[in-house]
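Residue strings, one per chain:
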Amino acid sequence: MIGQDVPPGGDDESQDPGPKRRRGFAVLKETAIVVVLSLIIATVVRIFLVQAFLIPSESMEDTLRVGDRVMVSKITLHFGDVERGDVVVFTDPNGWLGPQPEGPGGVAGGLQDFFQFVGVLPDDSTGHVIKRVIGVGGDTVECCDDDGRLLVNGVAIDESEYLFPSDEASNQEFSEEVPEGELFVMGDHRSNSGDSRAHGTFSEDLVVGRAFAIVWPFSRWSSISDEDTFEHVPDSPPSE
């Protein structure tokens, strides 16, 4: 069938801005839907599965350095207990961090908070602490044996895989019995870490997740593997 000629000044789409306007609106609508869905997915991932954190201090050197972005798994907490050797992020129990500087206010601060919440930006770690688990509920952690090594349930542990070079296992003696449901943690940079030696243990319920990888900067890209340091530690202290 031969199409009808369009008379001059008729219904030619090029003469009518309506269809173009509608197509532009449709593109904007589809883009908005994609952006909203992406933000929803990112938020769900952040809340329930994985969250990025920014390392703000030297307390976990050399394992983690200032400025590192680490990925923290939340889902692992649903399938197993926190174990000795895990590097965990937890909510500040009772002022471990001390007074914190205020973040940017106004529109900039609001945008930063929003993008951190949805997972586009890494959490700046305000209100959170990252340390290595040394003792779990029921353990006894002590410093130190004649060779300067920590004792967990009476067994000396070799921490050379992660301990900051030239640092001792601890520059102070202590003996701590970890209550059930709580954790004893220490930083890998022992001489520059405020941890359970000073603040005591805290509830496992405060753990946000387990750090499993450094993702930024690219030169530091690596996994944070589970160490074999504690594999020979018994489940409980020796009977007296």
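Just so you know, these numbers come straight off a predicted model, no measurement behind them.

What counts and what doesn't
Residues numbered from 1 in each chain as written. Predicted model: local features only at pLDDT ≥ 70, side-chain atom pairs only at ≥ 80, totals over all residues. Heavy atoms only, no water. Helix = DSSP H or I, 4+ residues; strand = E, 2+ residues; numbered from the N terminus. Buried < 20%, exposed > 50% of the residue type's maximum accessible area, 1.4 Å probe, protein only. Contact = heavy atoms within 4.5 Å. Areas by Shrake-Rupley, 256 points an atom, 1.4 Å probe, with all protein chains shown as cover. Patch = residues over 30% accessible without salt bridge, like charges linked within 9 Å, V, L, I, M, F, W, Y side chains within 5 Å. Salt bridge = Lys/Arg side-chain N within 4 Å of Asp/Glu carboxyl O. Lys, Arg positive; Asp, Glu negative; His and termini not counted. Charge placed at Lys NZ, Arg CZ, Asp CG, Glu CD. Pairing = 2+ DSSP bridges. Disulfide = S-S within 2.5 Å. Phe/Tyr/Trp six-rings, centres within 6.5 Å; stacked < 30°, edge-to-face > 60°.

A.B. asks: Is there a simple way to think about the overall build of the chain in this case?
C.D. replies: When its secondary structure is counted, the chain shows three helices and 12 strands. When the 240 residues of the chain are sorted by exposure, 38% land in the buried category. Counting only contacts in the chain whose residues sit at least 6 apart along the sequence, the fraction spanning at least 24 positions is 70%. Element-wise, carbon and sulfur atoms account for 54% of the exposed surface of the chain, whose accessible area totals about 14,300 Å².

A.B. asks: Would you mind going over a negative patch on the surface with me for this structure?
C.D. replies: Taken together, the side chains of D158, E161, D228 and E231 make up a negatively charged region of the molecular surface. Relative to the helices and strands, E231 is located in the segment after β12 (222-223).

A.B. asks: What is the right way to look at the sheet that holds strand β6 (residues 151-152) in this model?
C.D. replies: Within a sheet, each strand pairs with its neighbour through backbone hydrogen bonds, oriented either parallel or antiparallel. The strand order β7-β6-β5-β8 describes an open sheet built from four strands, whose pairing is antiparallel. Every other strand in the sheet has two partners, leaving β7 (155-156) and β8 (174-177) as the edge strands with one partner each.

A.B. asks: Looking at this structure, how should I read unusual backbone geometry?
C.D. replies: Most peptide bonds adopt trans geometry, and most residues besides glycine take a negative phi value. Here the residue pair E61 and D62 is connected by a cis peptide bond, since its omega of -5 degrees sits within 30 degrees of zero. Here D62 shows up in the loop between β1 (50-54) and β2 (69-73). With an omega of -10 degrees, the peptide bond between C143 and C144 qualifies as cis. Checked against the element boundaries, C144 lands in the loop between β5 (140-143) and β6. With a phi close to 55 degrees, N153 is a non-glycine residue in the positive phi region. Looking at N153, the relative accessible area reads 2%, which means it is buried. If you check the backbone angles, S166 has positive phi at about 75 degrees while not being a glycine. Inspection of the secondary structure puts S166 in the loop between β7 and β8. With a relative accessible area of 76%, S166 lands in the exposed category.

A.B. asks: Help me out: how do you make sense of the environment of I130 in this one?
C.D. replies: Take I130: it is sitting in strand β4 (residues 128-135). Assessed through its relative accessible area of 11%, I130 is described here as buried. Along the backbone, I130 and V87 are 43 residues apart, and their C-alpha atoms lie at a distance of 6.9 Å. Excluding residues within four positions of it along the chain, I130 makes contact with I55, S59, M60, L64, V70, V87, V88, V89 and A211.

A.B. asks: Where do I start with the pattern of salt bridges in this structure?
C.D. replies: A side chain with one charge can pair with a side chain of the opposite charge if their charged atoms come near. As enumerated under the stated definition, the model contains seven salt bridges in all. The residue D145 makes a salt bridge to R149 at a minimum N-O spacing of 3.0 Å. With a relative accessible area of 34%, R149 lands in the partly exposed category. Between E159 and R190 there is a salt bridge, with the nearest N and O atoms lying 2.7 Å from each other.

A.B. asks: Honestly, the state of the cysteines in this entry has me stumped. Any pointers?
C.D. replies: What we call a disulfide is simply a covalent bond connecting the sulfur atoms of a pair of cysteines. Under the definition given, this model contains one disulfide. C143 shares a disulfide with C144; S-S distance 2.1 Å. Residues C143 and C144 share a disulfide whose torsion about the S-S bond is about -95 degrees; that sign makes it left-handed. Under the relative-accessibility criterion, C144 is labelled partly exposed at 25%.

A.B. asks: Looking at this model, I keep getting lost on a nonpolar patch on the surface. Mind explaining?
C.D. replies: Side chains of W216, F218 and W221 sit close together on the surface and give an oily, nonpolar patch of about 410 Å² of accessible area. The topology assignment puts F218 in the loop between β11 (207-216) and β12. Overall, F218 belongs to the exposed group, its relative accessible area being 57%.

A.B. asks: How do you make sense of the packing of aromatic side chains when you look at a structure like this?
C.D. replies: The way to describe two aromatic rings as a pair is by their centre distance and the angle between their planes. With the rule as written, the count across this model stands at six aromatic pairs. Ring geometry for W96 versus F202: centroids 5.7 Å apart, planes at 90 degrees, classification edge-to-face. Of this pair, W96 sits in the loop between β3 (87-91) and α2 (106-118) while F202 sits in strand β10 (residues 202-203), and the two are 106 residues apart along the sequence. Residue class for W96 comes out buried when judged on its relative accessible area of 11%. A residue is classified by how much of its surface remains accessible, and F202, at 2% relative accessible area, is buried.

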